[in-house]
Amino acid sequence: MKKIIAVFISAMLFVLPMTNAFAQDNPKPIKEKARNLTSELVSKYGVSGVQYAIMDHGNIVLSDSVGVKNKATNEPITNDTMFGIGSTSKMFVSAATMMLVDAHKVDIDQPLTTYIKDFTMADERYKKITPRMLLNHSSGLYGAHYKNSMLFNDNDTENHDELLLRLRSETLKSNPGEYSVYSNDSFQLLEILVERVSGLSYTEFLAKHVSAPLGLNSTKTPLDQFDRQKLSKTYFPAIEGALPVENANVIGTGGLYSTAEELTQFAEVLTGNRTDILSEQSAKSMQSHEYRKGIWVSEETNSFNYGLGWDAVRLAPFSDYGITALSKGGDTVLYHSVLITLPEHHISMAVLSSGGSSILDSIFASNVLLEHLKDKGIIKDILPDKTFEPPVKVEMPSDLLSYSGLYGTVGTTINVEIKNGEFELPAFLDGLVPAQKYVYAGDGAFKSSDGSVAISFDKQKNGKTYIKANFYLNFPGLGQMVMVNYEYQKLDANPLNTTVKKAWEHRNGKNYYALDEKISSIFYLAPSFITKKISVDHEGYASGTKIVDENKAVNAVEIPVMSGRDAFDLNFTTKDGSEYLTIDGESYISEDAIKPILGGKSQYTIPSNGQAIWFKIDKNAAHKTMTVDVPASGGFAVYDENGGAVDFSTASHNNSVVLPQGGLIVLGGQAGDGFKININ
């Protein structure tokens, strides 16, 4: 879910009062460290509420919260306020899988088809996928199916129920086991595995085998019955008041709710301290350095080094102290989390937030944990953040010129031209690293103007050449994070014949709009997810995919770690003169087929296929007030000319809005739902 985080970081800058509820026996330096850092989070980094806890040798030694649970009432966050934990949920389905290993019901190195008999794909390599490959992200699956996964007040199981059907017609992007790259679908398949083998729904399995023995009362799935008022409220600038409850209906990959204290209790399972639930052997095997089994970036100091389920089994900066730290972060649209555990020292910390990001939560947790380690005498001093200086340009070896050329990542291609020891690259990490020029500074590395980013070229054993980026990200007042990643892969030219070239040039720069997303979807607040803009890139590539013929383009890259995640193909069809795009089983309609909305009074009905209806706002409707008689199962959203959400009735419960010129309107609901619209 990380691709949509930037939208909400920039939009949700709330400054809220702090509450203080630290455990009485907690050392003062840790209290002060946490207070100072959380003050920075809420004042500068878009966090509206945060909750955190440390467990040390089975005891909660720090538990606190910042912000308010509900802005309307100023009700404070308490230790039993619940948050969505996003992909930290993956640790639960990972543990569940290993519990079945302990019960001799699953062998993670046997084919997945042993346990999910109806799992098939249009690629014979799928038969080689094992549960281990799902756990360590090396399955070769494209990545994720997000259709109708993130919904307001709606726990529809469609995404779960249809996953196997969708995969049936899809291919793999790489050989199973060749390399690890983040994959959400892998953990959805593990959820199905747990259900098939145990005979229980996944929600029932967690309740019986995890929550009950641990005494967890606030760790729930969207399918559980519990008091939703316990959830921290969430907010969005375009919407007045709190948003409806967010349901991440991809439960295995990111759907759980919990509290910081309960996550630290669950960490006892993951570190082998609750052998009544998970064996010490299985907990230890989850900490194995799985990332080393395939193609990976060479640096050991990193925030990503996959285990089984874990994002990191050698998390920086703890690795600089010789301390093993395990980490898993998570982001939904509105909630964020991180769980860090130090198994050798029997210490765990969880941070949950509304607003912000899991990156911020991780930096906060790391800094507080280091303070805790120092207080206990485990480390002597806390190392200062790395500092950098502008690079000194040196003469570049001529052989590096061969790295000029076409490069791709998921969604885009770029042309890299190395000239006079310099080249330019676009922004990285949703703009956290700006677009800039990099200059050669020696030892095969090109550096950013401040020296904090080093770019190099790496030819791997698979014969592919990657642009490797070593980032040190500084967040003033909060701390620093290191990330080493492959960002781009070198591509070959893909010359097109005249017919194919003309077909794609006609699509260049055009937008296509989602038709199958339920009107309860949170993605209507993040229109970049329901809008696909086609960019015909260099030498036969479109939006990062390789053009095959007039109507098809396929994923072009195999990039380990993170940047190769969520790959897709583009498939175009024409019906009744309108062009449609299909991605991951979801349909989109071309902007050319969208008509202006009528002025005055009009009526529209959702068609029998249940697809949404889109309208343009032309000058005849612009600046006028639109009032909609909305059916109970329907809703609408309005966007300005830049794609920003102006109103979304599912969240705002408004039925009247002033229409912006050049914007768009979408109506959604169940088949047969009627809308009466008045524009005046």
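This write-up is about the structure you can find in this document.

Reading guide: rules and limits
- Residues numbered from 1 in each chain as written.
- Predicted model: local features only at pLDDT ≥ 70, side-chain atom pairs only at ≥ 80, totals over all residues.
- Heavy atoms only, no water.
- Helix = DSSP H or I, 4+ residues; strand = E, 2+ residues; numbered from the N terminus.
- Contact = heavy atoms within 4.5 Å.
- 1 Å grid on protein atoms, 1.4 Å probe; cavity = no way out; pocket = protein on both sides within 12 Å on 5 of 7 lines; lining within 4 Å.
- Points joined across faces, edges and corners; volume = space filled by probe spheres on them.
- Buried < 20%, exposed > 50% of the residue type's maximum accessible area, 1.4 Å probe, protein only.
- Pairing = 2+ DSSP bridges.
- Axes fitted to C-alpha atoms, helices over the stretch in contact; angles between N-to-C directions.
- Expected span 1.5 Å × (residues − 1).

Turning next to the environment of K447. Here K447 lies in strand β15 (residues 445–447). In the structure, K447 is positioned 23 residues away from N470 in sequence and 9.5 Å away in space, judged by C-alpha atoms. Discounting residues that sit within four places of it in the chain, K447 has contacts with P391, K437, Y438, V439, A441, V453 and A454.

With that settled, the discussion passes to empty space enclosed by the protein. Space left empty within the atom packing is revealed by a probe, the size of a water molecule, rolled over the atoms. According to the stated counting rule, one finds three cavities of 30 Å³ or more in the structure shown. Considered as a void within the structure, the largest cavity measures approximately 80 Å³ in volume.

Our focus in this paragraph is the environment of P76. For P76, the location among the structural elements is in strand β3 (residues 75–76). With a relative accessible area of 37%, P76 lands in the partly exposed category. C-alpha of P76 to C-alpha of H372: the two residues are 296 residues apart in sequence and 26 Å apart in space.

What follows is about the sheet that holds strand β35 (residues 674–679). Pairing within the open sheet is antiparallel, and its four strands lie in the order β28-β35-β30-β33. At either margin of the open sheet sits one strand with a lone partner, and together these are β28 (600–605) and β33 (656–658). Strand-to-strand twist across the sheet, computed as the mean angle between neighbouring axes with direction ignored, equals 20°. With six bridges joining them, β28 and β35 adopt antiparallel strand pairing. Residue pairing across strands places Y604 opposite F675, the latter belonging to β35.

Between its first and last C-alpha, helix α3 (residues 90–102) extends 18 Å over 13 residues, near the 18 Å set by a 1.5 Å rise per residue. Those residues of α3 that sit buried are K90, M91, F92, V93, S94, A95, A96, T97, M98, M99 and L100. In the segment just after α3, H104 is the residue with positive phi, at about 60°.

Along the chain, A316 connects to P317 via a cis peptide bond; the corresponding omega equals 10°. Mapped onto the elements, P317 comes out in the loop between α10 (280–286) and β8 (326–331). Of note, the phi angle at H57 is positive, near 50°, even though the residue is not glycine. With respect to the helices, strands and loops of the structure, H57 is situated in the loop between β1 (47–56) and β2 (59–70). Taking relative accessible area as the criterion, H57 reaches 48% and is therefore assigned partly exposed. A positive phi is found at N153, a non-glycine position, where the angle reads about 50°. Summarising the element assignment, N153 is placed in the loop between β5 (150–152) and α5 (158–167).

The strand order across the open sheet built from five strands is β27-β29-β34-β31-β32, with neighbouring strands paired in mixed fashion. Unpaired on one side and paired on the other, β27 (595–596) and β32 (645–648) mark the two borders of the sheet. Bridging between strand β29 (residues 613–616) and strand β34 (residues 664–668) involves four bridges; their strand directions are antiparallel. Pairing of I613 across the sheet is with L667, part of β34.

Read these as spatial facts, not as claims about activity.
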